[in-house]
Amino acid sequence: MTPAGGELRRNPANGKLAIVAPARATRPADAAGRPASAPPCPFCAGNEALTPPEVDAERAGGERDGPGWTVRVVPNKYPALEGRHEVLVHSPDHGEELEDLGDDRLADVLAVWRRRIDAQLTGGAAAVTLIGNIGPGSGASLEHPHEQLFATPVVPPLLLDELLEAERHRNRYGMCVVCEQLETAGDRLVLDGPVRAWVPEASRFNGELWIAPAGHEADFREADLAAVAPALRRALTAVKACIAGAPLNFWLHTAPADLRGPFHWHLEVAPRTSTLAGFELGSDIAVVIKDPVVAAAEYRAALPPA
Ligand SMILES: [Zn+2]
Ligand SMILES: [Zn+2]
Ligand SMILES: [Zn+2]
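Parameters and conventions
- Residues numbered from 1 in each chain as written.
- Chains lettered and ligands numbered in written order.
- Predicted model: local features only at pLDDT ≥ 70, side-chain atom pairs only at ≥ 80, totals over all residues.
- Heavy atoms only, no water.
- Donors = N, O, S within 2.8 Å, 3.2 Å for Na, K, Ca; no water.
- Tetrahedral: all angles 85-135°; square planar, octahedral: opposite > 155°, others 65-115°.
- Helix = DSSP H or I, 4+ residues; strand = E, 2+ residues; numbered from the N terminus.
- Salt bridge = Lys/Arg side-chain N within 4 Å of Asp/Glu carboxyl O.
- Buried < 20%, exposed > 50% of the residue type's maximum accessible area, 1.4 Å probe, protein only.
- Phe/Tyr/Trp six-rings, centres within 6.5 Å; stacked < 30°, edge-to-face > 60°.
- Contact = heavy atoms within 4.5 Å.
- Polar contact = N/O pair within 3.5 Å; in protein donor to acceptor, adjacent residues only side chain to side chain.

Enquirer: Even after reading the chapter, I still don't get the coordination of the zinc ion (ligand 2), so can you show me in this structure?
Expert: Each protein donor to the zinc ion (ligand 2) is listed here as Cys 176 (SG), Cys 179 (SG), His 216 (ND1) and His 264 (ND1); together their distances run 2.0 to 2.3 Å. Each of the four donor atoms bound to the zinc ion (ligand 2) contributes to angles spanning 104 to 115°, and the resulting shape is tetrahedral. Expressed as a motif, the donor residue spacing for the zinc ion (ligand 2) is C-x2-C-x36-H-x47-H. Taken as a pair, Cys 176 in the loop between helix H2 (157–173) and helix H3 (177–183) and His 216 in the loop between strand S10 (209–213) and helix H4 (225–242) lie far apart in primary sequence, 40 residues in all.

This is the structure in structure tokens:
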């Protein structure tokens, strides 16, 4: 029996949203290392019966819910929100990270991201947040690399803030705020080209990295995936090389279903080299110790070949 999803609640005292999902407490966890007696990995090829039936897949062969897939999408067995929480397994290989796939396969994975985002946005979701939790301590409960997609019936507050800032910035300065960030990155630019990466001047995380198309584009569904794949591969490789195994999160911000103003899609990569402490939690003001210019120089030095 599939446990029920959580409930989206709002604290009227501060307007903050929370999904209360007690059923997720029962989900298995192996990210701290798989003991010899651990149950088989539900995301490895051959173990398809251990997940709910797939909702999407890329296949080299084989049958639905059997091996032969290269990318497989299943509903989360322990959803934060019922029916709106998907797991995207980007490889049948237990040890294969996104940046290991090679650009062609990575572009195929991104095409599946795009298809699932489209399915949720055209299916009634207000917005989609696609995320990756990488490494122990990142929030990943299964070590087999995967991404997750959360479709929400509301535009999440962070995306809403970005939409409002984009509108304000355009009204005041006549241009897209992300286009401006791209143009003014200077020595914080890590990757140039049709898809760029840079460390924001006001980073919220030590070594925070943003990835976005150089040309203005609101919606990830319009992206040139053949250009996104090498940029994402190189950026993730460089970040991982510089953070000494620290947990890493990333999230994709793309236009909501009902986009009324300017927006510029981007992917934010957040190394978790420090813990959020009382002041940060109590003030919503981040404290970072890593100079963004230094972080960018380290990332540039760690970039793999194009
Ligand atoms: Zn596995
Ligand atoms: Zn723009
Ligand atoms: Zn964002």
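Enquirer: What should I look at first to understand the pattern of salt bridges in this one?
Expert: Opposite charge on two side chains permits them to pair, given that their charged atoms come into close proximity. For the structure on display, the rule yields 21 salt bridges. When the shortest N-O distance is used, the salt bridge between Asp 56 and Arg 116 registers 3.5 Å. Of this pair, Asp 56 sits in strand S3 (residues 56–59) while Arg 116 is found in helix H1 (residues 103–122), placing the two residues 60 residues apart along the sequence. When sorted by exposure, Asp 56 lands in the same class as Arg 116, which is buried. Among the salt bridges present, the one from Glu 97 reaches Lys 240, with a minimum N-O distance of 3.4 Å. Of this pair, Glu 97 sits in the loop between strand S5 (85–89) and H1 while Lys 240 is found in helix H4, placing the two residues 143 residues apart along the sequence. Bridged by salt links that share partners, the residues Glu 54, Arg 59, Arg 64, Asp 65 and Arg 72 form one connected network.

Enquirer: I tried to follow the packing of aromatic side chains on my own but got confused; where do I start?
Expert: In this description, a pair of aromatic rings is defined by centroid distance and the angle of the planes. In total, this model carries five aromatic pairs according to the counting rule given. Taken together, a centroid distance of 6.3 Å and an interplanar angle of 40° make the contact between Trp 113 and Phe 220 tilted. Of this pair, Trp 113 sits in helix H1 while Phe 220 sits in the loop between S10 and H4, placing them 107 residues apart in sequence. Each member of the pair, Trp 113 as well as Phe 220, is classed as buried.

Enquirer: Could you clarify how one ought to interpret the environment of Trp 69 in this entry?
Expert: Structurally, Trp 69 can be placed in strand S4 (residues 69–75). Exposure remark for Trp 69: the relative accessible area of 4% places this residue in the buried category. Residues Trp 69 and Ala 302, spaced 233 residues apart in sequence, show a C-alpha to C-alpha distance of 32 Å. Here Trp 69 is in contact with Phe 43, Cys 44, Ala 45, Glu 48, Glu 58, Arg 59, Gly 61, Val 89, Ser 91 and Pro 92, once residues within four sequence places are set aside. Within the structure, Trp 69 has its side chain in polar contact with the side chain of Glu 48 (distance 2.6 Å).

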